[in-house]
Structure formats: C-alpha cells, structure tokens
Amino acid sequence: MSSAVNPLRDAQDRRLPRIAGPSGLVIFGVTGDLSRKKLMPAVYDLANRGLLPPGFSLVGFARRDWEHEDFAQVVHDAVREHARTPFREEVWQQLAQGMRFVSGVFDDDDAFRTLKATIEELDKSRGTGGNFAFYLSVPPKFFPTVVSQLKEHGLSDGQGDSWRRAVIEKPFGHDLKSAQDLNSVVHDVFRPSEVFRIDHYLGKETVQNILALRFANTMFEPLWNRSYVDHVQITMAEDIGIGGRAGYYDGIGSARDVIQNHLLQLLALTAMEEPVSFEAKPLVTEKMKVLNSVRLPEDLAAHTVRGQYAAGWQGGRKVLGYLDEDGIDPQSGTDTYAAIKLEIDNRRWAGVPFYLRTGKRLGRRVTEIAVVFQRAPHSPFGATDTQELGQNALVIRVQPDEGVTIRFGSKVPGTQMEIRDVTMDFAYGESFTESSPEAYERLILDVLLGDANLFPRHQEVERSWEILDPIEEHWERHGKPEQYPAGTWGPAAADEMLARDGRSWRRP
Amino acid sequence: MNIDLTDTTSGQINTALVQARRASGSPAIGMVLTLVIVTDEGNHYDALKAAAEASKEHPSRILVVVRRPGRSPRDRAKARLDAEVRTGNGSGETVLLRLHGELAAHSYSVVLPLLLPDAPVVVWWPEDAPEHPSEDLLGTLAQRRITDAAQTEDPVASLRLRAETYAPGDTDLAWTRITGWRSVLAAALDQKQMKITAAQVEGEAYNPSTELLALWLAERLRVPVERIVSEGPGITAVRMETTDGQICLDRADGSLAELAVPGQPDRHVALQRRTTAELIAEELRRLDPDEAYEEAVRFGLSRLGAAVTASEPPAGGGPAGGATAMGDGTAAEGAAADGTSDGPGSDGGTAEPQAEPQPVATRKTTAAPEAKKKPTGRRSAK
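The model shown is predicted, which means the values in this text are computed figures rather than measured ones.

A. The overall build of chain B, seen in detail. Scanning chain B from N- to C-terminus turns up 13 helices and 15 strands. Burial analysis of chain B (382 residues in total) assigns 46% to the buried set. Sequence-distant contacts, at least 24 apart, represent 69% of the contacts inside chain B between residues at least 6 apart.

Laid out in structure tokens, this is it:
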C-alpha cells in the first residue's frame, strides 16, 4: 500500500487503524453455515470497527434464486444474530450498498460471466479498484472447478497493480498426495503468495499470545528446553459429537481433521526458535524447521491411540455412540479420538516427548498447551512433605476461558511442612477486553491487507501430512479404534500409552 | 458488593478491597491499570458510568475523587474521608472517595496508597482540568492524563492552554473524538496519491475537535486549512482541494458520512459520534505518549493566534501574541511561525518544498457551499 507516501499517515500515530485498501470479498458457498455464522458477522464487525475501506463490497455466489436484496436480507439476519458488536444502522447502510449476489452453479459459464460483470460494476460504482479476494467456503472437491472457472473468465488476475487472492478453508487434502494435488490446482491459477489458507486457530488471540509469551518475556524462554521441560501435552477436546457433518467426517476422522492442522501448528509455535522478525517469511522458516525435525515414534502401535465414542452420558445428557449417528456406516473404522506421541530432534527438544490428543464427546470443550516441567532434581523436604506436590506446569489455555496458568508447589499454612500444588492464573477476559475480536475478523482483515503471517503456507501443510500419513497408514492396517464412553476423557489405551512412559494425561 | 466507610483512611479502604475480593471468591487481581477520575458531586455519576463501561475492555481499579471543600468556614476547617467500595459488578473495582473540607486539597495522599502495584495510572478530569495536568500532584502519578476541552467554557482557549502546558502523556478527548475522521481521511489518501493544496474543516462552534482536526491536517499536509463554523452536529465536513478536484467527507447527520474522491464513485462511510465510554476505552488502549496529538495541538499554539489575525486583517497585534506565549520547548515551531514571511527555506526538515507553513484560517459560515446557514456566534479565540 502507498502508506509510505500518504502524508496523513505517521508511524507514531498509533490510533489510526490499519484499514484495508479498496477491495471486495467474493464468497463462494455463501449459504453455508460457516458463511452465515462466521464470515458475514466478521465482515460486519470489521466494518463496525471502522477497519474496512469505504466502498468495501461483498459478493455472494451460490445456487439460489436470489436478488441482491434477498442476499442483503440474509446477511442482515446473520449479522443480527451472530455479530459480536452492536448493530448500527449506519454501518449496515455502508455495507449494504456494496452487496451483490450472483446465482449459479460452479460449472455454469454464464454465472461466472455475471460474476465478472458484477466485479467490473463494483469497480465503477464502489471504487473497489479491481482488488478482490475469493473465499472458497465450499467442499474441496469443488476447488478445481471453481479455480479453473476463475482462471477461464479472467478473474484470477488483477489488472495493473490490483490483486486477486484466494482464501481456502481446511481440509487441505486428506493426505500428502491429495494436498499436493490441491496445492497444484490452486497454485496453477493463483500465485502461492496470493493463496491464504485459513486455520482459524492461528487467528485466535491466545495463539498469537504464545509468541508474545515466549519471545517478549525473559522469564519463560530460559526454561523452554530439554533441561527443564519434561514433556508437552497439546489437547483439543470437544464435547460435541459429529453433529451434521457425518458426510464429511466419516472416513476422515479426528487425526486428519484436527491434528494435521491445528495441533501441529500449535506444536510448531510452541517449539520453534525465535524468528528473525514477525513477517510471514521468517515465521514460516522457523515453523518449517521445527516441523522438519519432528520424528515419529518407531513403534506406532505403542505410541499412538485412536478411539471411537460409544453411547453414554455427556454432561447430563444421554448421547448416541458414533456408530449409531445418522449417516455413519455401522462398521466404520473412523477415529473420533486420536492421541500421538512425537519427538523433536533438535538440540532444544531432544528427548522431550510432545503428546498430541484430540477427540469428540470428551469431558468438556477445551484446547490447551501444557508444558510440564521436570521435578526438582533434589528435594530438601521429606517424601511425606511433598507427597501432594505434582510437576510444575505452564498451561496456555487457548479456548475457552483464554489465559495462562502456572502451577507450582506452595506450603500449606500450618505447623507442619506440607507442600501442595497451587495455581497462578492469568485470564484474558479479566485483564483485557471483554470481547476480543473473533479469529475470522483478524484473518479476513489480514487477507485484505495481504498480511500472510497468520496463514499456514503450503509447505507446512504438506509437511504436516508427511508427519501424519504413516500413522494413518498404520491404523489402516492394524485393528479398529477402541470404544470409549461419551463424556469421558478417551479410551483406556490412551492412558496406558502415557503410563508406559511413566506419565499421565493432565485433566484439562 | 458495596462497603460504605465513613470517616475512614486509605488503609481501611485497602482492607475493604481485599475483603470484598475474598468474599467474591476471586482473590486474584487481573486489573491492568488504575483509573483516577477527578470530579465533583454533580458530575461523578456520568463519568463513573462511562469508566465502568470502558473497564469491561480494560479491567481497572477506578478511583473516583469527589472533592467537597465545603461552603462554610466551619466545614472547610474539617477534614473527613468517606468511601464507597464497590466490587463484583462487572470487571474491576470501584472506590468512590469523598474528600471533605481541608482534605479536598490533599487528594494525592488519599489516592497514592490505593493505586494498584506496578500498574499504569491514568487520571481523567471530565471537567475542570488543572492548567498544568502534568504538574498537578495527581497528574504526576499518571502515565496518561486525560482532559476534555469540549467541557470547558472556552474550548479553543483551553486547547491553546493544552498546547502550552503539553507534556508527554497528556491527551484530550476532543482528540479522541476525531480518530474516526482521521482514519477515513487517511484511508482516502491511501488509495491514490494526490497533491493536496488546501483544506477546509467545518463543524459546530465550541467544538474543539473541529479545530484539532484542522490543526492535524495543517500539520500533516502543510497547506492552508480553513475552519468553518456550521450548525453541527459536531464536525460536519472536511474538504481537501487536490489538483484533480475535491476530496470531500461530508457528515450532515452525525452518523453516516459520504466520501467523494475525484475519479471514484461516492461512497457512504459510517462515522458515528461515539459515547464517552468508547472514547475512554480508546484512550486506555495505549498508554504511551501520543506524539500525533502533541504535534497537532502544538502546531495550533503557534498558528491559532495567527489564524484569527489572518482572517481579520486590522486586528492589531500580529502573530506576536500567540508566539510569545510559547514555552521554550516550542522554539522550533516558533521559528516556523515567524517564518511565514521568510518563505519555504525556513521550514527545515519537512519534505515538501512548496509547502511553507500556513495559518489555519477561521471564518464564519459565509463560504459558498454553506451560504444558507445562519452564522453562529463569533468564536472567542484571541
């Protein structure tokens, strides 16, 4: 952007927000859940915070027989229901004038011609300057059709110095091969630097805070290595089942759905070295370095576990087992729980296992990173004094109740020397804004600004599949997932997996 | 919970705070700053309401200092501290302090023991700010001192005062109010490079934000900026003359503005007037000195005086009145102000050669686009 020559901009003037340049957003699959619950509200919230350029335009593309006004009404309802910030008529007016709807299916040339005309019309009437981001909120099987249509109709290349960007959502393939195919399809049309892969976890404040916590402070980083850390547990647990996602979920499973992207990204951020700067490139470099050092355990049977939830009681409600869910093959071997052990072969982490686990219908919804420290090498206290003392831990709570907990031992008041675990807590909600921006707000703004550092690059995606593929292949060949009652913390085998290493899972 | 303490001390208030925190079951302190509001009995309700709203975004300990020096000599000779400790409603803690009699002049001694350890302090005078916020005893405690020129008898004069007594950490809500305008104007210039030759800012009388916006434009663009009085609400329009035509941001109704840029379609921009709570929340977001404000408001010190003389030629004294009032810190700007007759050479570091510093001109509603509107009374800038 031309901010360097804009006389009204000044680096010292920190009140002025980064406003995206003139641009528009085209959403394919605009009738979907994600679009209604996340994207549209995020666009409104951005506008409400004054971060969208004047004339910002939103184009919906879907197979509905809608007029522009119908579309605007749908957005209006979605915003009313889901937006984070209060509804303001004047903000809505500003947005509504730039809303367009294009009706059609993805292989319909007419529809894409209309889309092109719409974009040209917007450039004229709204001053979007030819800058458009195409958000593919559609199942990946449609990606090739959509991107090749964009190319064919000359929509994928901006005129002059305007830009065209593609935004894609996970899943980025289901194994290395398919991920590479997908990348080549998309990169065939859009330059790699113009492709933004959304991993909404990376847009979360707490995840960005991992880097602040580690690299802006001095008190944690000296301990952040094999000399002090015993092991790391990264957990993403959901209390819900698969809901209406049977069609997508069966055959994919939790490891592909969660570990490949979210958990490996969290691992990379937790374990990586300090990047040279927080630009996209140095960040990718460091993340790739650490992902490249990830080593799988040799005995996959002993160090990986998968499970499937069985009928049970979850938080006071009786719920179905996975195999009884609508649309699921009763013979299905899909995992709804997965736990794996990874090692990182570098000087900082050699010998420190990283345990990753995820699952559906677990005890409660929680995502956290727990860095568990070694016990003190020598204790001057008697064994009975420290009986209740566990290992020190630093826990980054990603969601919900975002924050950081530090656990350490403290003397219990009284005449005897007795030491017990206590926690020191930092809660985001307590120290900062009541409502931090939604991940999607941040990510959509970054797409419009062309800021790529919160988006995984294709190398990372492919490397993550390289890590996961052998595990999936092993599971494919050996046995079936173990059943665990819904509402518990996963199959017994997962506990055994840690017990073999002399450790145990934290109850998050 | 609420704890009322009559004839108390800061120590007892601290005990009450700990007690209240224990009682609510969350002994940890997550608050990030102490906000001291200096006000009087009549105004504290609104100020506290806004601050409590803002503390949802920035959990803080809010200390409201209500001074009651007393009306009779007997009252004035007494000294008593009453306090109301409120916790548990929303985030943070609130202590309402009533300083009676002689104590009213010694609020520092009451506030100091009640500050959160190691956390930044912000002092806000919703009205009746001291002349030198940074030299005020309470002000010395603070990283950030918030005043509000709009709440004074003579907003423009108090802007001048703010400029004269500026110290890093000072800020004014009149400045906060124009962030929206400034970001839209900056965004308009992001899109296309255009050479700006002159600008106009139009807004209500007695609205110091209008002056500040004019000053900011003048300071950043180094072009003559004219201030036009309209009937409001607030700021109503900004026009920037460019070689390609006029950039116009027009907000007639106080909420939805229209942006016109040469060569581009007209567009609507939401530009609502914000509540005090939102302004305070924005103020608390950054606690480092606001250099942009400093540059804008101090630019005014040397130009506002000149401005009126420019629009009223025979008014006598020339720019000297404004210039002599400056402190030593502004010597450079003083030179620049005097340099209006010296031509471009005196303008030192600034890049644009054609832009010699220009006065901010002030004039009434007689401009062509505003011809129908009735002139609002004469502004009292001297």
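Next comes the rest of the write-up.
B. Region of interest: the overall build of chain A. For chain A, the helix and strand inventory stands at 15 helices and 18 strands. In terms of overall size, chain A behaves like a compact globule, its C-alpha atoms giving a radius of gyration of 24 Å where 508 residues would be expected to give roughly 23 Å. With respect to the three principal axes, the spread of C-alpha positions in chain A is 80 × 60 × 45 Å. Taken across its 508 residues, chain A has 44% of its residues classed as buried. At a minimum sequence separation of 6, the contacts of chain A that also span at least 24 residues come to 77%.

C. Region of the structure containing the pairing of strand E14 (residues 366-373) of chain A. Residue and element names in this part refer to chain A. In terms of burial, E14 is largely enclosed, as six of its eight residues are buried. The pairing of strand E7 (residues 229-237) with E14 spans eight bridges and is antiparallel. What sits directly across from Ala237, in E14, is Val366.

D. Main features of the UniProt feature "domain: Glucose-6-phosphate dehydrogenase NAD-binding" (unreviewed entry) in chain A. Summarizing the sequence annotation, UniProt attributes the feature "domain: Glucose-6-phosphate dehydrogenase NAD-binding" (unreviewed entry) to residues 26-209 of chain A in the numbering used throughout. The span residues 26-209 of chain A is 47% helix and 16% strand, and its two end C-alpha atoms sit 30 Å from each other.

E. Structural view of the confidence of the model for chain B. For chain B, mean pLDDT is 77; residues scoring 70 or higher make up 76% of the total. Model confidence for the complex: the whole-complex pTM is 0.79, and ipTM, which rates the interface, is 0.73.

F. Here's a closer look at the environment of His478 of chain A. Relative to the elements of secondary structure, His478 of chain A occurs in the loop between helix H14 (458-477) and strand E18 (482-485). Along the backbone, His478 of chain A and Gln149 of chain A are 329 residues apart, and their C-alpha atoms lie at a distance of 42 Å.

G. Looking closely at the interface of chain B and chain A. The partner chain A presents 40 residues to the 34 residues of chain B that form the contact. Mapped by element, the contributors of at least two residues to the side of chain B that touches chain A are helix H8 (179-191), helix H9 (208-221), strand E13 (256-260), strand E14 (267-270) and helix H11 (291-311) of chain B. At 11 residues, the largest contribution of residues to the side of chain B that touches chain A is made by H8 of chain B. By residue class, the composition of the side of chain B that touches chain A is 15 nonpolar, 11 polar and eight charged.

H. Main features of the domain arrangement of chain B. Residue and element names in this part refer to chain B. Here the domain parsing of chain B yields domain 1 (2-147) and domain 2 (177-283 + 290-382). Listed by partner, the interface residues are eight residues for domain 1 and six residues for domain 2. Going through the elements one at a time, helix H2 (44-54) and strand E7 (144-147) are the ones with two or more residues in the side of domain 1 that touches domain 2. Ranked by residue count, the leading element in the side of domain 1 that touches domain 2 is H2, at four residues. Per-class residue counts for the side of domain 1 that touches domain 2 are four nonpolar, one polar and three charged.

I. Local environment of the sheet that holds strand E5 (residues 164-169) of chain A. All names here are of chain A. Strand order across the open sheet formed by six strands is E3-E2-E1-E4-E5-E6, with parallel pairing between neighbours. The outermost strands of the open sheet, each flanked by one partner alone, are strand E3 (99-103) and strand E6 (195-198). Neighbour-to-neighbour, the strand axes of the sheet open up by a mean angle of 20°, direction not taken into account. On the sheet, helix H2 (residues 68-82) packs against strand E2 (57-62) and E3 and is oriented at approximately 115° with respect to E3. The sheet contacts of helix H4 (residues 109-126) involve strand E1 (24-28), E2, E3 and strand E4 (132-136), and relative to E3 the element is tilted by about 165°.

J. Representation of the environment of Gly160 of chain A in the model. Residues and elements named next belong to chain A. Looking at where Gly160 falls in the secondary structure, it is placed in the loop between helix H5 (143-152) and E5. Accessibility expressed as a C-beta count within 10 Å gives 6 for Gly160, which makes it exposed. In this structure, the C-alpha to C-alpha distance between Gly160 and Gly130, residues 30 residues apart in sequence, is 9.0 Å.

K. Up close: the UniProt feature "binding site: NADP(+)" (unreviewed entry) in chain A. All names here are of chain A. Using the residue numbers shown here, the UniProt feature "binding site: NADP(+)" (unreviewed entry) corresponds to Arg63 and Lys170. Within the fold, Arg63 resides in the loop between E2 and H2. Those residues within four positions of Arg63 in sequence are excluded, and the remaining contacts are Gly104 and Val105. The contact partners of Lys170, leaving out residues within four places of it in the chain, are Asp199 and Asn261.

L. Up close: the domain arrangement of chain A. All names here are of chain A. Segmenting chain A into domains produces domain 1 (2-169) and domain 2 (202-500). Distance between the C-alpha centres of domain 1 and domain 2: 34 Å. On the domain 2 side, the residues contacting the 15 residues of domain 1 number 10 residues. Listed by contribution, the elements that provide at least two residues to the side of domain 1 that touches domain 2 are helix H1 (33-48) and E5. With six residues, H1 is the single largest residue contributor to the side of domain 1 that touches domain 2. When grouped by side-chain class, the residues that make up the side of domain 1 that touches domain 2 number nine nonpolar, one polar and five charged.

M. View of the sheet that holds strand E3 (residues 60-68) of chain B. All names here are of chain B. Strand order across the open sheet formed by eight strands is E1-E4-E5-E3-E2-E6-E7-E8, with mixed pairing between neighbours. Each edge of the open sheet is held by one strand with a lone partner, namely strand E1 (2-5) and strand E8 (170-172). Neighbour-to-neighbour, the strand axes of this sheet turn through a mean angle of 15°, independent of strand direction. Here strand E2 (residues 33-39) pairs with E3 via seven bridges, running parallel. Among the inter-strand pairings, Leu33 is bridged to a residue of E3, identified as Ser60.

N. Quick look at H8 of chain B. All names here are of chain B. For H8, spanning 13 residues, the distance from its first C-alpha to its last is 19 Å, which sits close to the expected 18 Å at 1.5 Å a residue. Here H8 lies mainly inside the structure; 12 of its 13 residues are buried. Inspection of H8 places Gly180, Trp181, Arg182, Ser183, Val184, Leu185, Ala186, Ala187, Ala188, Leu189, Asp190 and Gln191 among the buried residues, and these make up the whole buried set. Contact partners of the buried residues in H8: H9, strand E11 (235-242), strand E12 (245-250), E13 and E14.

O. Looking closely at H2 of chain A. Residue and element names in this part refer to chain A. In a regular helix each residue adds 1.5 Å, so 15 residues correspond to 21 Å; H2 covers 21 Å between its end C-alpha atoms and thus fits that length. When we look at burial in H2, the residues that qualify are Phe71, Ala72, Val74, Val75, Ala78 and Val79. End-on view of H2: buried residues confined to an arc of 160°, all on one side of the axis. Exposed residues lying more than 90 degrees from the buried face of H2 are Glu69, Asp77, Arg80 and Glu81. Its buried side turned inward, H2 meets H1, E2, helix H3 (89-96) and E3.

Cut-offs applied
- Residues numbered from 1 in each chain as written.
- Chains lettered and ligands numbered in written order.
- Predicted model: local features only at pLDDT ≥ 70, side-chain atom pairs only at ≥ 80, totals over all residues.
- Helix = DSSP H or I, 4+ residues; strand = E, 2+ residues; numbered from the N terminus.
- Buried ≥ 20, exposed ≤ 12 C-beta atoms within 10 Å, placed from the backbone.
- Contact = placed C-beta atoms within 7 Å.
- Rg over C-alpha atoms; globule rule 2.2 N^0.38 Å.
- Pairing = 2+ DSSP bridges.
- UniProt positions renumbered as here; feature names shortened; annotations may be inferred.
- pLDDT = per-residue confidence, 0-100.
- Nonpolar A, V, L, I, M, F, W, Y, C, P; charged D, E, K, R; others polar.
- Domains from an automatic or database assignment.
- Axes fitted to C-alpha atoms, helices over the stretch in contact; angles between N-to-C directions.
- Expected span 1.5 Å × (residues − 1).
- Arc of directions from axis to C-beta.

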